[in-house]
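# Fold and contact review
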Amino acid sequence: MELDPQLKALLEVANLLNNPGDDSGIPDEELRQQFSGAFGSVKSKVPVASISNRTIPGPDGNKIPIRIYYPADAKPRKSGLPILVFCHGGGFFGGDLNTHDDLCRNLGHLSAYITIAVDYRLAPEHKFPAGHLDCYAATKWAYDNASALGGDQTHVAVGGDSAGGSIAAAVCHLARDMKGPNLAMQVLLCPMTQPTAHYESESMNKLGTIAPVLSKRMCETAYERLVATLEEQRSELIDLNHAPSVKNLPPAYVVTAEYDPLRDEAEYYAARLFKNNVPTKAKRYGGAIHNFILFGSLAEIRCSVRALEDVAIAMRQAVKEEKDPWDARSYMMIAATVVAFLSVKMYHYYQTGNAL
């Protein structure tokens, strides 16, 4: 399939149609500003009931900034609304609460989840596992405080895009291994699941030097910023595709894109989850590029909007609908009335031969 025409037009206007190549010679702060300028400076039009910024305790005595979104027009649930803890992308060294504001608004609005965005510590100033532990701490905080937040502790999910998708998946491993929160779902959007320096998938080999937005070298430098040595990249919280076990992890929904160098490794991770009895759904979007879902309502790209809607459907399906006992009783009374009426009608017919 050809590159999506809407995405192609947008990339041409932004001069991003060519492969970005090697970004290692550009200062980190300059790259951060470029990312922030592209996504953090546009005001989102997606409605929310309320937004609040606060800090929560971090794992190393640090404070973790978070942003809490309450969805507009969400149907009340007796047990509280489901919660999504979201880890933003940005190659482990970029991104913040503002770059992913529109995405978090969209996810919360379309799924009716309380969404908590995490402004975790970034590499290279804060090496692995600082950011991962921040996101785990935020997830545990959301789980422990679900009731106070108006949420449902039995439906706390974690999600992320790109590098944030990698961190979100790692949070699920931490929650399992540390006997932490019993998470309801993981939402992985174009995630990074294996270090490029050690493994090279077919899509990375074919697209890593020609695809828009993301290059093989950019993936390599992302991991180089994250850890001090190549050997550290083999940690099971980074090299998810080769982690010793992916059993007993929460159900997963994985989004991939045809023209994303990360496509095959993310689909491999989804397949591995599925083979290990983790309920998993994966969807590849034809003609799409890495992290295309970020464009969402900002640029009104149809495939991005469709992906957002599909993710929201999966999130809603993960929430078991409450059963109101009064509603059930009402249905039982109606059914009993109908049965009684039909019984009387049949008795009258057999006795008289005439219908009522």
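In what follows, the structure referred to is the one given above.
Residues numbered from 1 in each chain as written. Predicted model: local features only at pLDDT ≥ 70, side-chain atom pairs only at ≥ 80, totals over all residues. Heavy atoms only, no water.

## Some thoughts on the overall build of the protein
- Helix and strand counts for the protein stand at eleven helices and eight strands.
- Counting all 356 residues of the protein, 51% fall into the buried class.
- Surface accessibility of the protein: about 16,700 Å² in total, with carbon and sulfur atoms responsible for 55%. (Helix = DSSP H or I, 4+ residues; strand = E, 2+ residues; numbered from the N terminus. Buried < 20%, exposed > 50% of the residue type's maximum accessible area, 1.4 Å probe, protein only. Areas by Shrake-Rupley, 256 points an atom, 1.4 Å probe, with all protein chains shown as cover.)

## Thoughts on helix 1 (residues 5-13)
- Capping the start of helix 1, D4 holds a side-chain oxygen 3.0 Å from the backbone nitrogen of Q6, two or three residues further along.
- The positive-phi residue at the C-terminal boundary of helix 1 is N15, with phi of around 55°. (Polar contact = N/O pair within 3.5 Å; in protein donor to acceptor, adjacent residues only side chain to side chain.)

## Looking at the environment of I238
- Mapped onto the fold, I238 is located in the loop between helix 7 (216-226) and strand 7 (252-259).
- For I238, a relative accessible area of 1% translates into the label buried.

## A few points about the pattern of salt bridges
- Taken as a whole and judged by the stated rule, the model has 19 salt bridges.
- In this structure, the salt-bridge partner of R217 is E220, at a minimum N-O distance of 3.0 Å. Within this pair, R217 and its partner E220 are both found in helix 7, separated by three residues, close to a single helical turn.
- On the basis of relative accessible area, R217 is assigned to the partly exposed category, the value being 25%.
- Connected via shared salt-bridge partners are D22, R217, E220 and E224. (Salt bridge = Lys/Arg side-chain N within 4 Å of Asp/Glu carboxyl O.)

## Structural notes on the nonpolar core
- Core analysis: the largest hydrophobic core is formed by 60 residues, its most contacted members being I83, F92, I116, W141, M192, L226 and Y269.
- Of the residues forming this core, the biggest block, nine residues, is contributed by helix 5 (residues 163-177). (Core = buried A, V, L, I, M, F, W, Y, C linked by side-chain atoms within 4.5 Å.)

## A short note on helix 3 (residues 101-111)
- In terms of residue burial, helix 3 counts as a mostly covered element, since nine of its eleven residues are buried.
- Every buried residue of helix 3 is listed here: D101, D102, L103, C104, R105, N106, L107, G108 and S111.
- Backbone geometry just after helix 3 places A112 at a positive phi near 65°.

## Regarding the sheet that holds strand 8 (residues 280-289)
- The mixed open sheet is built from eight strands, whose spatial order is 1-2-4-3-5-6-7-8. Either end of the sheet is taken by a strand with one partner, and the two such strands are strand 1 (48-57) and strand 8. The mean inter-strand angle of the sheet, taken between neighbouring strand axes irrespective of direction, is 20°.
- Judged from the four bridges that link them, strand 6 (residues 185-189) and strand 7 form a sheet pairing that is parallel. When the bridges of strand 7 are listed, Q186 appears paired with A252.
- Strand contacts of helix 3: strand 1, strand 2 (63-71), strand 3 (81-87), strand 4 (114-118), strand 5 (151-161) and strand 6, with the helix running at about 45° to strand 2, the strand carrying the most contacts. (Pairing = 2+ DSSP bridges. Axes fitted to C-alpha atoms, helices over the stretch in contact; angles between N-to-C directions. Contact = heavy atoms within 4.5 Å.)

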